[in-house]
Amino acid sequence: MGESAKQREVARASRTGAFLAADVGGTHARIGLVRRADESSAIDVLRYERYACAEWPSLTAVLQDFVGHLDGQVTIEHCAVASAGYVVGDAIVNENLPWPVSIGDIRRTLGLSGLAVVNDFEAVAYACQFLQSHETAPIIETDAPPAEGPILVMGPGTGLGSAVLLPGRPHATVLPTEAGQISLAPGNAREVAILGELARERDYVSYETALSGPGLVNLYRAISTLRGTAATLSEPAAVTGAALAGSDAAASEALDVFCGLLGSFVGDLAMLYGARGGVFLAGGILPQVRERLLASSFSDRFFNKGVMRAFLQQVPVRLMDHGQLGVIGAAGLYLHGSTAH
């Protein structure tokens, strides 16, 4: 959309109940000026920007910058924020965010009359109902189209998010979960040994300890120790890059273990929630390693659930680009009754 067209949309937004929606992660904050598209559940994104969290002192400053670029054409009274973590009093509690988030500070600074906070993967799950098939990539395909039923959305990024979309009328509902905090369950002797190494440094080992950006580094370090080699890589992107380039054996094994554990965990969650509607994988890591994921033990581990194999063979798994989904989902949940703060 050209700049003049954007300006017309923003101007029209002032007459059509536009508001802010934010999707805040440990690495990026995605901000949108949004409105209800029509009488359906769809959301129009009128303006969208992505911010690197480390470059800003607070979420309030990010939102102020976004509003400042609207040039006063829209009066913003409402905002929906999707974030990992949970609300305690005035604060969003999430150890992966680079700064504390004060709900009251955002309300006062932006002069808002309404502010809602929802879980980040709750928002992504809500938005996945608007996805078209060409906007996703297959990981596991089935002979028949997805059945009507719960849809699991999960993915590794700075943390490990998970939520379930429950179809319904007049609106779908979302079950937010903290499934990433479930105890890590190894599936073979090598993973038992890796779990032992991970447990040396922490009292509790969750799936997020392994299935996230920091988790990939944890796997790499544990595997380096087991191999008796030096762990020279300290960033998730460096581990992924070395694994894909074949330049570091421990990094390559770490990525393979990551894919296998992910397949096993996704299969567990698909059974737990009866995800007949399918599984969508998101997060910042997986789009970069899709070919490796397809060549890994992901599908074998996904199906290796005993008598539940036949059920899982009817559950498609697709990869989606997170993009604007968190913004769209936060807006949709706010319009349909999320609790305001």
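Thresholds applied
- Residues numbered from 1 in each chain as written.
- Predicted model: local features only at pLDDT ≥ 70, side-chain atom pairs only at ≥ 80, totals over all residues.
- Heavy atoms only, no water.
- Helix = DSSP H or I, 4+ residues; strand = E, 2+ residues; numbered from the N terminus.
- Rg over C-alpha atoms; globule rule 2.2 N^0.38 Å.
- Buried < 20%, exposed > 50% of the residue type's maximum accessible area, 1.4 Å probe, protein only.
- Contact = heavy atoms within 4.5 Å.
- Areas by Shrake-Rupley, 256 points an atom, 1.4 Å probe, with all protein chains shown as cover.
- Lys, Arg positive; Asp, Glu negative; His and termini not counted.
- Charge placed at Lys NZ, Arg CZ, Asp CG, Glu CD.
- Pairing = 2+ DSSP bridges.
- Axes fitted to C-alpha atoms, helices over the stretch in contact; angles between N-to-C directions.
- Core = buried A, V, L, I, M, F, W, Y, C linked by side-chain atoms within 4.5 Å.
- Parallel < 35°, antiparallel > 145°, perpendicular 65-115°, else oblique.
- Left-handed = near helix turned anticlockwise from the far one by under 90°.
- Polar contact = N/O pair within 3.5 Å; in protein donor to acceptor, adjacent residues only side chain to side chain.
- Nonpolar A, V, L, I, M, F, W, Y, C, P; charged D, E, K, R; others polar.
- pLDDT = per-residue confidence, 0-100.

**Q** When you look at the overall build of the chain in this model, what are you seeing that I'm missing?
**A** When helices and strands are tallied, the chain shows twelve helices and 14 strands. Against the 2.2 N^0.38 benchmark of 20 Å for 341 residues, the chain shows a C-alpha radius of gyration of 21 Å, consistent with a compact globule. Judged by the C-alpha coordinates and their principal axes, the chain covers about 60 × 45 × 40 Å. Looking at the chain as a whole, 52% of its 341 residues qualify as buried. Summarising the internal contacts of the chain: among those between residues at least 6 apart in sequence, 68% fall at separations of at least 24. Accessible surface computed for the chain: about 14900 Å², of which carbon and sulfur atoms make up 50%. Of the side chains in the chain, 24 bear a positive and 34 a negative charge, and the two mean positions are spaced by 3 Å.

**Q** Could you clarify how one ought to interpret the pairing of strand E2 (residues 28-36) in this entry?
**A** Side-chain direction in a regular strand flips from residue to residue, so the side chains alternate between the two faces of the sheet. Burial of E2 is extensive: seven of the nine residues sit out of reach of the surface. The sheet contact formed by strand E1 (residues 19-24) and E2 spans six bridges and is antiparallel. The partner of Phe19 across the bridge, within E2, is Val34. Where E1 folds back onto E2 in an antiparallel hairpin, the turn is made up of three residues.

**Q** Is there a simple way to think about the sheet that holds E2 in this case?
**A** Adjacent strands of a sheet form backbone hydrogen bonds with each other and so pair up, either parallel or antiparallel. Read across the sheet, five strands follow the order E3-E2-E1-E4-E8 without closing on themselves; strand pairing throughout is mixed. Single-partner strands in this sheet number two, and they are strand E3 (43-52) and strand E8 (114-119). Strand-to-strand twist in this sheet, taken as the mean axis angle between neighbours without regard to direction, amounts to 20°. In terms of strand pairing, E1 meets strand E4 (residues 78-83) through five bridges, oriented parallel.

**Q** What exactly am I supposed to notice about the sheet that holds strand E13 (residues 278-281) here?
**A** Taking strand neighbours across the sheet as the criterion, the six strands line up as E9-E14-E13-E10-E11-E12 in an open arrangement whose pairing is mixed. Since the sheet does not close on itself, it has two edges, and those belong to strand E9 (136-140) and strand E12 (173-176), each with one partner. Looking at each pair of strands side by side, their axes are set apart by 25° on average, direction ignored. Across four bridges, the pairing between strand E11 (residues 160-166) and E12 is antiparallel. Looking across to E12, one finds that Val164 is bridged to Leu175. Sitting on the sheet, helix H8 (residues 249-273) is in contact with strand E10 (151-156), E11, E12 and E13, with an inclination near 155° to E10.

**Q** I keep staring at the nonpolar core and nothing clicks. Help me out?
**A** Of all hydrophobic cores here, the largest spans 52 residues; its most connected members are Met154, Leu219, Leu281, Phe298 and Phe302. In terms of residues, this core owes the most to one element, H8, which gives 13 residues.

**Q** How should I be thinking about the packing of helix H6 (residues 213-227) against H8 in this particular structure?
**A** The description of two packed helices rests on the angle between their axes and on the distance between the axes. Running from amino to carboxyl end, H6 crosses H8 at an angle of 125°, the nearest separation of the two axes being 8 Å. On the basis of the axis angle, H6 is oblique to H8. In this structure, H6 meets H8 at a crossing whose hand is right-handed. Residues Leu216, Leu219, Tyr220, Ile223, Ser224 and Arg227 of H6 form the contact with H8, whose participating residues are Ala249, Ala250, Ala251, Glu253, Ala254, Leu255, Val257, Phe258 and Leu261.

**Q** Would you take a moment to explain the side chain of Asn119 for this structure?
**A** Looking at the element boundaries, Asn119 is found in strand E8. The buried category is assigned to Asn119, whose relative accessible area is 12%. Side-chain polar atoms of Asn119 contact the backbone nitrogen of Phe121, separated by 2.9 Å.

**Q** What exactly am I supposed to notice about the pairing of strand E14 (residues 317-320) here?
**A** Where E9 lies against E14, four bridges are found, and the strand directions are antiparallel. Note on E14: the bridge partner recorded for Ile140 is Val317. Across three bridges, E13 lies against E14 in parallel orientation. Bridge pairing in E14 places Leu281 opposite Leu319.

**Q** Just to check I follow, could you spell out the packing of helix H4 (residues 120-127) against helix H12 (residues 325-335) for this structure?
**A** One way to put it is that H4 packs onto H12 with a least axis distance of 7 Å and a crossing angle of 90°. It follows that H4 is roughly perpendicular to H12 by the angle criterion. Contacts between H4 and H12 involve Glu122, Ala123, Val124, Tyr126 and Ala127 from the first element and Leu325, Gly326, Ile328, Gly329, Ala330, Gly332 and Leu333 from the second. Its residues assigned to classes, the contact of H4 with H12 shows eight nonpolar, three polar and one charged.

**Q** Got a minute to help me understand the confidence of the model for the chain in this structure?
**A** Regions with low pLDDT carry predicted coordinates that are not meant to be interpreted in detail. In this model, the chain carries a mean pLDDT of 89, and residues with pLDDT of at least 70 account for 92%. This model gives residues 6-15 a pLDDT under 50, and the stretch forms 18 contacts once residues within four places in sequence are excluded.

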